[in-house]
Amino acid sequence: MKLSIIITVIISAVILQIIGLSLFIFGFFPVKPALSGVSGPESFYYDDGGGSDSVANHTRASMPPHLLKSLYQELSGIHPSFERLILMVIDGLPAEFVLGKDGQPPREDFREAMPYTQALLSNGMATGYHAKAAPPTVTMPRLKAMVSGAIGGFLDVAFNFHTQAMLDDNLLGQFFRIGWKMVMLGDETWLKLFPGLFTRHDGVSSFYVKDTVQVDQNVSRHLENELNRDDWNLLILHYLGLDHVGHIGGRNSILMAPKLKEMDEVVKMIHLSTIQTRDNDQGKTLLVVVSDHGMTENGNHGGSSYEETDSLALFVGLKNDLSDYAASSCDSIYQVDIAPTLALLFGVPIPKNNVGVLISEAFDLLTDDKQLRVLELNSWQLLRLIQAQLPGLSCRNLPSHDGFTDGLASTTVECSGSMEKMLCCLYMNAINLHSSWKSKSLSRSKSRDDYSCTVAAYHQFLKTAKTCWLTCFWDCGNGHIISNIIRPHDLHEYRGSTWREPTPL
Ligand SMILES: [Zn+2]
């Protein structure tokens, strides 16, 4: 009798625990369903009704890579700015070490440890950003964010040590479909995320955190050979040593400056052998140096502090007219902004679940009409993503603001109201200004003001859509806010302009 009571109590307790745990997991870690499938030719048209997806997917599946590549180029109307990409990941490097903080240069020993990179920045040959990473600040979800533009669920922390192949739409898949050959050297997380995608690879394990030397030599030993080859389009170098230095001795470890020096040598070698000497360059090469996350004073990471989320995005090889140190290193972006920027620079569709916004400076060299086109493509993609969450959202049904010819004032309206109305209104503002700009066929009548207003309208839509997606949709769907992805101060910026308090959907 007693035994059966004990058993009943134990069983009830277990059931209660399971219920409690489920409530916690689904409440605290809301899993946002990602859109399945991949962006294709349809992403270069605006199709409000959907439905052409299956046709487009069918066309794409039967198309050889080189034809798909030219199709994308034809549809986008933009010649890709570069042919080859070197993505150098320095694991755990806080952007502050390279770019400084709050307008101040980095601390002296770090600055002196990276003379080449610092010279590239001060000569305007490199553009660096503090790229805010979303928590959890651990490697696998952050790599996913960079290549897909999407912010994964918090459950990714649990999967960080048991990485599975990435199925959601991402840049590597997009590159693969247009026939890119890819090489990966470094952290084997890439091999787990993208099995079978690399022509050559040498993976290293992040398991031996005590090793700060061999783990990086295993990457660099192939570098000279790879830089001399012309059979790849994407070369990924993922250096784990700096993260390991942090785990052993924190930010102030005596090994930190020598490790930065080693990374600087790699940047120098790549720059001298590819970008600097365009004659020898096997195709126009862009070097992007990023970190997946930062680290605390003690060298830990995973959380949402500034030190951990302050990741780096450094573009070397973009030709733009930035010439002073301040202008080339003070901007902040989000880590997810890397994905749409690279997609648009290399002429592939922006991945389906991207919430990032292109980095404008990367497109400085494009003509005005092309710069507006990349903003338009990014806007269409974000609108499509939001429409998938709000099936009722159809901006086409809104009364369009006519009167293009009456000047700019009549083409934009003050936006307010519900989230749907707000987003459609901002979107229509941008689209109308763009059409108005295009309709002025003579370049003489296209004023800089018209152009700047159109760019500003696109950015207003893109930023609002991104913020709204990150806050409202998580909020409304689950009754919870992931407050550390977008912090309240980020919202103030929008509330100050046209942003109104989001009304519950
Ligand atoms: Zn990492």
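Description of the structure in this document.

To continue, consider the overall build of the chain. When helices and strands are counted, the chain shows 21 helices and eight strands. Looking at the chain as a whole, 52% of its 505 residues qualify as buried. Sequence separation of 24 or more characterises 75% of the internal contacts of the chain that already satisfy a separation of 6 or more.

What follows is about the side chain of E376. Following the sequence through the fold, E376 ends up in helix α18 (residues 368-389). The exposure class assigned to E376 is buried, which follows from its relative accessible area of 8%. A polar atom in the side chain of E376 sits 2.8 Å from the side chain of R373. Filtering out sequence-adjacent residues up to four positions away, E376 remains in contact with H434, K438 and Y458.

Now for helix α17 (residues 338-346). Burial analysis of α17 places nine of its nine residues in the buried class, the great majority of the element. Inspection of α17 places I338, A339, P340, T341, L342, A343, L344, L345 and F346 among the buried residues, and these make up the whole buried set.

The protein atoms that coordinate the zinc ion are D91 (OD), D91 (OD), T139 (OG1), D292 (OD) and H293 (NE2), at distances spanning 2.0 to 2.7 Å. For the zinc ion, all donor residues lie on one chain, and their spacing in sequence is D-x47-T-x152-D-H. Taken together, the residues span a long stretch of sequence, with D91 in the loop between β1 (84-90) and α4 (96-99) and D292 in the loop between β6 (285-290) and α15 (306-309) at a distance of 201 residues. In terms of burial, D91 and D292 fall into one category: buried.

Let's shift gears to the environment of D169. Along the chain, D169 turns up in the loop between α8 (156-159) and α9 (171-177). Remark: the alpha-carbon pair of D169 and K352, spanning 183 residues in sequence, is separated by 5.9 Å. In terms of polar contacts, D169 uses its side chain to reach the side chain of Q174, at 3.0 Å. At 2.9 Å, the side chain of D169 forms a polar contact with the backbone nitrogen of K352.

Remark: α18 packs on helix α19 (residues 419-439), axes separated minimally by 11 Å, with the N-to-C direction vectors making an angle of 155°. On the basis of their axis angle, the class for α18 and α19 is roughly antiparallel. Along this stretch, α18 crosses α19, giving a crossing that reads as left-handed. Listed contacts from α19 to D368, D369, L372, R373, E376, S379, W380, L383 and I386 of α18 are L423, Y427, I431, H434, W437 and K438.

What follows covers unusual backbone geometry. Residue P136 is bonded to the preceding P135 through a cis peptide linkage, with omega at 0°. Mapped onto the secondary structure, P136 falls in the loop between β2 (126-132) and α7 (139-148). Not every positive phi belongs to a glycine, and D102 is a case in point at roughly 50°. Structurally, the position occupied by D102 is in the loop between α4 and α5 (108-113).

Counting residues in each nonpolar core, the largest one holds 93 residues, and the members touching the most others are L172, W190, L286 and L342. Of all the elements, α19 adds the most residues to this core, at 12 residues. Per-domain counts for this core show at least three residues from each of domain 1 (81-352) and domain 2 (390-496). Non-local contacts of L286, meaning those with residues more than four positions away in its chain, are made with F82, R84, L85, I86, F315, V316, G317, L318, L342, L345 and F346. Residues M88, L185, L237 and L312 belong to the second largest nonpolar core, which totals 39 residues.

With that out of the way, let us pick up the pattern of salt bridges. Scanning all chains against the criterion turns up 13 salt bridges. We note a salt bridge from R177 to D169, for which the minimum N-O separation is 3.8 Å. Of the residues examined, R177 reaches a relative accessible area of 26% and is grouped as partly exposed. When salt bridges with common partners are traced through the structure, they connect R200, E226, R229 and D231 into a single cluster.

The rules behind the values
Residues numbered from 1 in each chain as written. Predicted model: local features only at pLDDT ≥ 70, side-chain atom pairs only at ≥ 80, totals over all residues. Heavy atoms only, no water. Helix = DSSP H or I, 4+ residues; strand = E, 2+ residues; numbered from the N terminus. Buried < 20%, exposed > 50% of the residue type's maximum accessible area, 1.4 Å probe, protein only. Contact = heavy atoms within 4.5 Å. Polar contact = N/O pair within 3.5 Å; in protein donor to acceptor, adjacent residues only side chain to side chain. Donors = N, O, S within 2.8 Å, 3.2 Å for Na, K, Ca; no water. Axes fitted to C-alpha atoms, helices over the stretch in contact; angles between N-to-C directions. Parallel < 35°, antiparallel > 145°, perpendicular 65-115°, else oblique. Left-handed = near helix turned anticlockwise from the far one by under 90°. Core = buried A, V, L, I, M, F, W, Y, C linked by side-chain atoms within 4.5 Å. Domains from an automatic or database assignment. Salt bridge = Lys/Arg side-chain N within 4 Å of Asp/Glu carboxyl O.

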